[in-house]
Amino acid sequence: MSMLALFVSVLVGFLMVFSGGIVLVSAESLSLFQPSSLTINEGGVFADVSPSMPPGDALPPLGRSSPMRGGYFSQVDDPRPGFWETSEYMLGRVGVLVVFVESTGGLDPDIEDWQEWRMNLVMRKVRSGLDWWIARYPFRNPPLEFMVSSAVGYTRYEPITRNSTDESLWIPEVLASINCGSGENYYIYAASCANEIREKWSTDWAFLIFVVDSLKDEDGMFADPPRFAYAYINGPFMVVTYDNDDWGIDRMDLVVAHEVGHIFGATDEYNGVTENSGYLYEPDSDGSRCIMDGNAGPCVSVGTQRQIGWVDDDLDGYPDILENEPVIIIEKKTPNITDNESIKLEGVVKLDPYPCRRPYCRSVTINKVKPINYTGEIYSLDGKFDSAFEKFLLVYNASAAGRHQVSVSFSEAIKNLVVSYSQTVLYTYVLVSDFRGPKFERVDVGSTQTAEFRLKWAHDESAVTSGNVLINGVLAENRGDGWFGVTVTKNDVGAATLSVDSVNVTLLTNEGQAVIRKFVITTHPVNIIFDRVIIDLSSPKTRFDVDSFAEISYKAYYEYDHRDFVGSIRLNQPLRQSNSGNILTQS
Ligand SMILES: [Ca+2]
Ligand SMILES: [Ca+2]
Ligand SMILES: [Ca+2]
Ligand SMILES: [Ca+2]
Ligand SMILES: [Zn+2]
């Protein structure tokens, strides 16, 4: 049987971790106890029972339902179950940690000592008690699942010899010894441990079962009040004893099943008082002769079903509490026109929770949202789309200029209701596509030149008709038809390379307006060399006969780069002179 196999693996965990007295279990070692999933049980039926259910075993939650926690309960915009919501309704996946309470003799005399075979027996009964609910679960989606694991926790007290209210003393010690949770009192400590289990095992809910050994104790009950099993309404824990008064270990499954009812909000149906309770604050069915009544039969009364959230008033087969509309709230988005190709959409997708009707309770849902269709990449900011509230970031890369539709759709996990958001974004920039400069790049020093560039929009190639364009840091003049230019001069020899180095243009379209600064140059810069020609004249001798040709040679070159001058030069005097005198030449 697979159940037996699971059991053996739990046992192995015990041997590894707990052999040899008090061993502090680290938080990590909790995961040694891999929770095993209970699916469907065989039958889920109990033997006939006759003793009465634990009297006064349903304890009201401590503090959590009071207006004192007004700040916490005003967190209405986040529908994920929070710290105080560890078991609001019996739907979905539930983490169950069975904690065997072991006395060390540190303070009270050490009377009770667990044996492995008895702990195994308890685990079997716990599983059977949980299976009982699974067998009666009315919904197909989500399935009801219990992930069960166990640990041995130590205390200096001997709990069964004390009043049940002394749980405030031993629970913090026991939880500290298994390194689960923290808190200023036992109740918060247990809630904190349940939260850790839920987090680690990725379940929707979690609760603890403290099993107090009572093998040697005379009546198998706490001293005062003489309880043998009790639970806090809506969690986070129950306490059961090994013997359970007259019920005995054989029927511990039934006791556990009853207490699990309390854990999920059900009230006793044997006390003659009609009580409203649970997420939906529904009345119980006193005297039902079902699980929450004494002499319990194998049934869940209508009152209990409504208290634990097993309600489908619209008869669609889905639990009404988990029929949640998804909503998208956009918190940050790219403007409708942008010059940034990375288009981002940031927001929250969350589910509209079914309203909790219990006073001072928060409306929460364990339903989950996940993205189903989207453009680009989508990220959950906490790393995983696994809850009813997810901050997300959508990143879409607009590879080409033009209009892009950026969209995302989310669906919830129960009925696949979908919510979508889309935005059309115009991605564009300025293209510097053409240039005009001097006809020849070498010009005279001191002359005035122009350098012009043609600007057009990348998305439709239309001309840019306004805006601030800097060419080499100088504000260009709008010359019309997309042309922007500057005049430039230089009084000494040197080169100038002119190009567009800044664009600031307001684009106005039907979608709105935006300042565009991005530009892409697909043309050449305008190169201008302000230059002059140097001419060196030379002659082999300084005197020539009158009427002969003076032998004068010259070398002409550009001053800027000493390249040979190409062209003709003219001297100011003829080379043959008929009179004596000096020739001064100049080109
Ligand atoms: Ca002991
Ligand atoms: Ca009642
Ligand atoms: Ca429904
Ligand atoms: Ca998440
Ligand atoms: Zn009860």
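The sections below set out a description of the structure shown in this document. Only a predicted model underlies this, so the values are computations on that prediction, with no experimental measurement involved.

Criteria and thresholds
- Residues numbered from 1 in each chain as written.
- Chains lettered and ligands numbered in written order.
- Predicted model: local features only at pLDDT ≥ 70, side-chain atom pairs only at ≥ 80, totals over all residues.
- Heavy atoms only, no water.
- Axes fitted to C-alpha atoms, helices over the stretch in contact; angles between N-to-C directions.
- Helix = DSSP H or I, 4+ residues; strand = E, 2+ residues; numbered from the N terminus.
- Left-handed = near helix turned anticlockwise from the far one by under 90°.
- Contact = heavy atoms within 4.5 Å.
- Nonpolar A, V, L, I, M, F, W, Y, C, P; charged D, E, K, R; others polar.
- Pairing = 2+ DSSP bridges.
- Core = buried A, V, L, I, M, F, W, Y, C linked by side-chain atoms within 4.5 Å.
- Buried < 20%, exposed > 50% of the residue type's maximum accessible area, 1.4 Å probe, protein only.
- Domains from an automatic or database assignment.
- Salt bridge = Lys/Arg side-chain N within 4 Å of Asp/Glu carboxyl O.
- Donors = N, O, S within 2.8 Å, 3.2 Å for Na, K, Ca; no water.

Thoughts on the packing of helix H4 (residues 167-177) against helix H5 (residues 186-201)
- The N-to-C vectors of H4 and H5 enclose an angle of 35 degrees; their axes lie 8 Å apart at closest approach. H4 and H5 meet at a crossing whose hand is left-handed. Judged by residue contacts, Glu167, Ser168, Ile171, Pro172, Leu175 and Ala176 of H4 engage Tyr186, Tyr189, Ala190 and Cys193 from H5.
- Here the contact of H4 with H5 is composed, by residue class, of 8 nonpolar, 1 polar and 1 charged.

Section: the sheet that holds strand S24 (residues 483-489)
- The strand order across the open sheet formed by 5 strands is S23-S24-S20-S18-S28, and the pairing between neighbours is mixed. Every other strand in the sheet has two partners, leaving strand S23 (477-480) and strand S28 (519-521) as the edge strands with one partner each. Each adjacent strand pair in this sheet contributes to an overall mean axis angle of 35 degrees, direction not counted.
- Judged from the 3 bridges that link them, strand S18 (residues 430-436) and S28 form a sheet pairing that is parallel. Counted as the bridge partner of valine 432 is isoleucine 521 from S28.

A closer look at the nonpolar core
- Among the nonpolar cores identified, the biggest contains 61 residues, and Trp133, Phe146, Phe207, Ile209, Phe264 and Trp310 are the most heavily contacted of them.
- Contributions of two or more residues to this core are made by strand S3 (93-103), helix H3 (116-136), strand S4 (145-155), strand S5 (205-212), strand S6 (229-232), strand S7 (237-241) and helix H6 (252-263).
- Broken down by element, the residue count for this core peaks at 9 residues, all from H3.
- Formed jointly, this core draws a minimum of three residues from each of two domains, domain 1 (2-70 + 87-307) and domain 2 (322-426).
- Dropping the residues within four chain positions of it, phenylalanine 207 is found in contact with Val94, Gly95, Val96, Leu97, Leu130, Phe146, Ala194, Pro236, Met238, Val260, Ile263 and Phe264.
- If you look at the next biggest cluster of nonpolar residues, it comprises 33 residues, including Val174, Tyr186, Cys193 and Trp201.

Examining the pattern of salt bridges
- Considering all chains together, one arrives at 30 salt bridges under this definition.
- Residue aspartate 531 pairs with arginine 442 through a salt bridge whose shortest N-O separation is 2.7 Å. Of the two residues, aspartate 531 is situated in strand S29 (residues 526-531) and arginine 442 in strand S19 (residues 442-444); the sequence distance between them amounts to 89 residues.
- One salt bridge in this structure joins arginine 454 and aspartate 481, with 3.2 Å as the shortest N-O distance.

Regarding the coordination of the zinc ion (ligand 5)
- Only Asp57 (OD), Asp57 (OD), His258 (NE2), His262 (NE2) and Asp268 (OD) from the protein coordinate the zinc ion (ligand 5), and they sit 2.0 to 2.3 Å from it.
- When the donor residues of the zinc ion (ligand 5) are listed from N- to C-terminus, their spacing reads D-x200-H-x3-H-x5-D. Of this pair, aspartate 57 sits in the loop between strand S1 (36-38) and strand S2 (58-59) while histidine 258 sits in helix H6, placing them 201 residues apart in sequence.
- Overall, the relative accessible area of 0% leaves aspartate 57 in the buried class.
- Taking the relative accessible area as the measure of exposure, histidine 258 reaches 0% and is therefore buried.

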